[in-house]
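What follows is each chain in one-letter form.
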Amino acid sequence: MSDCLFCRIASGDIPAETIYENEQVLAFRDINPQAKAHALIIPKKHLDSLNDLNQTEDGLLAGLLRAAQDVAKALGIDQSGYRLVSNCGPDARQSVHHLHFHVLGGETLSDRMV
Ligand code: DGP
């Protein structure tokens, strides 16, 4: 989708600091970090949110979760710990409507989940 910010990052149209990439998935640093280490993992193909990931895309879901391991390693936080978050819809304050997982770490995170 040409008007989707993360599609434009995936296509290289808008620059981002890439951390990890494979055929299906791209990970890059969040422009507005909420923790010392904060990356975003996106599917290269457009899906609005987790709600749009159907059973035929279980391979993609696995790939996104597998990428979280690789991103955590690349950020050097796989042993110290990290949090994986996907905001879905208005109550979760999803602001970019292209499915993404936040990987947060590099410090002790809040014990509050909300
Ligand atoms: P969410 O609220 O879950 O939809 O998070 C969207 C995230 O996207 C937010 O943490 C900031 C990040 N973001 C927004 N615009 C850009 C951008 O142009 N580049 C990068 N790298 N991150 C962005």
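Residues numbered from 1 in each chain as written. Predicted model: local features only at pLDDT ≥ 70, side-chain atom pairs only at ≥ 80, totals over all residues. Heavy atoms only, no water.

1. As for the overall build of the protein
Next, step 1: Scanning the protein from terminus to terminus reveals two helices and five strands.
Next, step 2: Reading the helices (α) and strands (β) of the protein from amino to carboxyl end gives α-β-β-β-α-β-β.
Next, step 3: A compact globule built from 114 residues would reach a C-alpha radius of gyration of about 13 Å, and the protein, at 13 Å, matches this within 12%.
Next, step 4: Across the 114 residues of the protein, 37% fall into the buried class.
Next, step 5: Sequence-distant contacts in the protein: of pairs separated by 6 or more residues, those separated by 24 or more amount to 54%.
Next, step 6: Taken as a whole, the protein presents about 7000 Å² of accessible surface, with 47% of it coming from carbon and sulfur. (Helix = DSSP H or I, 4+ residues; strand = E, 2+ residues; numbered from the N terminus. Rg over C-alpha atoms; globule rule 2.2 N^0.38 Å. Buried < 20%, exposed > 50% of the residue type's maximum accessible area, 1.4 Å probe, protein only. Contact = heavy atoms within 4.5 Å. Areas by Shrake-Rupley, 256 points an atom, 1.4 Å probe, with all protein chains shown as cover.)

2. Brief notes about the nonpolar core
Soluble globular proteins tend to pack their nonpolar side chains together in the buried interior.
Next, step 1: Ile 41, Leu 64, Val 71 and Leu 75 are the most contacted members of the largest nonpolar core, which has 19 residues in total.
Next, step 2: Where this core is concerned, the elements lending two or more residues are β2 (25-29), β3 (37-43), α2 (58-75) and β5 (101-105).
Next, step 3: Counting residues per element, this core draws most heavily on α2, which supplies seven residues.
Next, step 4: If we ignore the near neighbours within four places in the chain, the residues touching Leu 64 are Val 25, Ile 41, Ile 42, Pro 43, Leu 99 and Phe 101.
Next, step 5: Counting residues in each nonpolar core, the second largest holds nine residues, with Cys 4, Cys 7, Phe 28 and Val 96 among its members. (Core = buried A, V, L, I, M, F, W, Y, C linked by side-chain atoms within 4.5 Å.)

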